[in-house]
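Now for the letters of each chain:
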Amino acid sequence: MKRKNLLFAVVLMMLGGMTAQAQKHQYYDTKHEVGIAIGGAANTEIIGGLAELTGIMVSTLATTVVTGGTMTGTSYSYGSKEYIPALSAEYYYHVSKVVGVGGFVALNGMSRDMYVKWTDNVNGTSHVTKTGTARIRNVSVIPTAKFDWLRRKSIGLYSKLGAGVTFMHESQKEEGEGGADYSDTSVCFNFQATLLGLEAGSPRFRGFVELGMGEQGLALAGLRYKF
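Structure report, in brief.

1. Topic: the overall build of the protein chain
Link 1 in the chain: In terms of regular secondary structure, the protein chain is built from three helices and 10 strands.
Link 2 in the chain: The N-to-C order of helical and strand elements in the protein chain reads α-β-α-α-β-β-β-β-β-β-β-β-β.
Link 3 in the chain: Going through the 227 residues of the protein chain one by one, you find that 37% of them count as buried.
Link 4 in the chain: Contacts in the protein chain between residues at least 24 apart in sequence constitute 65% of all its contacts with a sequence separation of at least 6.
Link 5 in the chain: Here the protein chain displays about 12400 Å² of accessible surface, and carbon together with sulfur accounts for 66% of that area.

In structure tokens:
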């Protein structure tokens, strides 16, 4: 009887050890992670020139909105900026417990109304008339390395560093046939440098926030899944 009890205790200890090892294995040997995030103040929003519209000449169509008046200037003016925040999707493969390699694809944009300015020749009053909409859409592909310098079951701290390119597409189109229809696509260098990232939740599913600078934004938040 004593032998049976001893054997039973040994089996329980072995099973407990295997379960603990499996839980440890399940977390620390997670190789993949995917995530989505939303951020603010991306590089293409705050660095001078990256989000500025090209000045184009007023079209013949635009001059027809001026009845009994004189155009003020030869180029369009633009209204306030309306931003699409930095949206990104990322993937990392962990080559070790600390280092993950992968990257993200990010999208953001800006829209502004197009206006022509003119002066009424009869009473001298100034007018501003909307004629169309100008848009910028930025798509970035940034290969990135992620450094998990604190890994726990429910929390983690990390940094990220990456460099890549941004494709910036600009369009300016007037309402109506024969109006201005300008478009251009350019490519520029871009980067992401996350100084501090904090993730918390379960070993598999976590929320995260980051502070740094780059095309994902100065600050961002998102959700991540590890498998």
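There is more to say after this.
2. Examining the packing of aromatic side chains
Link 1 in the chain: In this structure the tally under the stated criterion is one aromatic pair.
Link 2 in the chain: Ring centres of Tyr 225 and Phe 227 lie 5.9 Å apart, and the angle between their planes is 20°; on these two criteria the pair is classed as stacked.
Link 3 in the chain: Here the guanidinium or amino end of Arg 224 rests over the ring plane of Phe 208, the centre of that ring lying 3.9 Å away.

3. With respect to the nonpolar core
Link 1 in the chain: Formed by Leu 53, Ile 56, Val 58, Tyr 76, Met 110, Met 114, Val 116, Ala 134, Ile 136 and Ala 180, the largest nonpolar core amounts to 10 residues.
Link 2 in the chain: Of all the secondary-structure elements, those providing two or more residues to this core are β5 (99–120) and β6 (126–151).
Link 3 in the chain: Looking at which element gives the most residues to this core, the answer is β5, with three residues.
Link 4 in the chain: Not counting residues up to four positions away in its chain, the partners in contact with Leu 53 are Tyr 78, Met 110, Arg 112, Ala 134, Ile 136, Glu 170 and Gln 172.

Quick notes on the rules
Residues numbered from 1 in each chain as written. Predicted model: local features only at pLDDT ≥ 70, side-chain atom pairs only at ≥ 80, totals over all residues. Heavy atoms only, no water. Helix = DSSP H or I, 4+ residues; strand = E, 2+ residues; numbered from the N terminus. Buried < 20%, exposed > 50% of the residue type's maximum accessible area, 1.4 Å probe, protein only. Contact = heavy atoms within 4.5 Å. Areas by Shrake-Rupley, 256 points an atom, 1.4 Å probe, with all protein chains shown as cover. Phe/Tyr/Trp six-rings, centres within 6.5 Å; stacked < 30°, edge-to-face > 60°. Lys NZ or Arg CZ within 6 Å of the ring centre and 35° of its normal. Core = buried A, V, L, I, M, F, W, Y, C linked by side-chain atoms within 4.5 Å.

In short, geometric facts, not functional conclusions.
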